[in-house]
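This is what each chain is made of:
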Amino acid sequence: MEKTFIMIKPEALKAGKQGEIIDLLLKNRFGITNMKQFSFDAARAGRFYSMHEGKDFFGDLVAYITSGEVVGLELEREGAIKALRDLVGATDPAAAAIGTIRFMYGTDLQRNAVHASDSPESAEKELAIVFGED
Ligand code: CMP
């Protein structure tokens, strides 16, 4: 079965939405095989988001993701990566389809409730950074 990674971002956690988001994952038949609440430091955040290094929003992205605790989950399901991207919705909550996590819980492009891996390579890398480094 395919593995993927989702991270509940600081604003969603501060608003107490983690339970509702995890419930949606379970209702959509994702298995949770690992889960952890933690804080990024700038070095780990930079490694996690290294594909965005050099972009104009990179500094703000690292500042935001280190601003509060996050919850990372390793998920398992048939076709997990695509199924999760469909459930999460477009990066910008304003463009996300009705019923998606970002439509329901996102605020704006930066505070978009969750991050989800976009490929098998990103899933492997992100799971290793979150669960494999401690
Ligand atoms: P995420 O899926 O976590 O991946 C990178 C994040 O950068 C993205 O969600 C957005 O929250 C954030 N971001 C900020 N500005 C932009 C932008 N212009 N384009 C894409 N992502 C952005």
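Calculation criteria
Residues numbered from 1 in each chain as written. Predicted model: local features only at pLDDT ≥ 70, side-chain atom pairs only at ≥ 80, totals over all residues. Heavy atoms only, no water. Pairing = 2+ DSSP bridges. Helix = DSSP H or I, 4+ residues; strand = E, 2+ residues; numbered from the N terminus. Axes fitted to C-alpha atoms, helices over the stretch in contact; angles between N-to-C directions. Contact = heavy atoms within 4.5 Å. Expected span 1.5 Å × (residues − 1). Buried < 20%, exposed > 50% of the residue type's maximum accessible area, 1.4 Å probe, protein only. Arc of directions from axis to C-beta. Core = buried A, V, L, I, M, F, W, Y, C linked by side-chain atoms within 4.5 Å.

Caption draft 1: Main features of the sheet that holds strand S3 (residues 70-77). The strand order across the open sheet built from 4 strands is S2-S3-S1-S4, with neighbouring strands paired in antiparallel fashion. Each edge of the open sheet carries a strand with a single partner, namely strand S2 (31-38) and strand S4 (114-116). Neighbour to neighbour, the strand axes of the sheet diverge by 20 degrees on average, direction disregarded. By the bridge criterion, 3 bridges tie strand S1 (residues 2-8) to S4 in an arrangement that is antiparallel. The residue bridging isoleucine 6 from the neighbouring strand is alanine 116, located in S4. Across the sheet, helix H5 (residues 80-88) lies against S1, S3 and S4, angled at about 30 degrees from S1, the strand it touches most. Along the sheet face, helix H7 (residues 120-131) touches S1, S2, S3 and S4 and points at about 55 degrees away from the line of S1.

Caption draft 2: How the structure looks around H7. Between its first and last C-alpha atoms H7 spans 16 Å; for 12 residues at 1.5 Å apiece the expected length is 16 Å, and the two agree. Residues Ser122, Ala123, Glu126, Leu127, Ile129, Val130 and Phe131 constitute the buried set of H7. All buried residues of H7 fall inside an arc of 165 degrees around its axis, so they share one side. The outward face of H7, more than 90 degrees from its buried face, is lined by the exposed residues Glu121 and Glu124. Buried residues belonging to H7 abut S1, S2, helix H3 (42-48), S3, H5 and S4.

Caption draft 3: Summary view of the nonpolar core. Residues Ile6, Ile8, Leu25, Phe30, Leu84, Ile101 and Val114 are the most contacted members of the largest nonpolar core, which totals 22 residues. Sorting the residues of this core by element identifies S1, helix H1 (10-14), helix H2 (18-27), S3, H5, helix H6 (101-105) and S4 as the ones contributing at least two each. Of all the elements, H5 adds the most residues to this core, at 5 residues. Discounting residues that sit within four places of it in the chain, isoleucine 8 has contacts with Leu13, Gln18, Ile21, Ile22, Val70, Val71, Leu73, Ala113 and Val114. In this structure, Phe58, Tyr64, Val70 and Phe131 belong to the second largest nonpolar core, which totals 17 residues.

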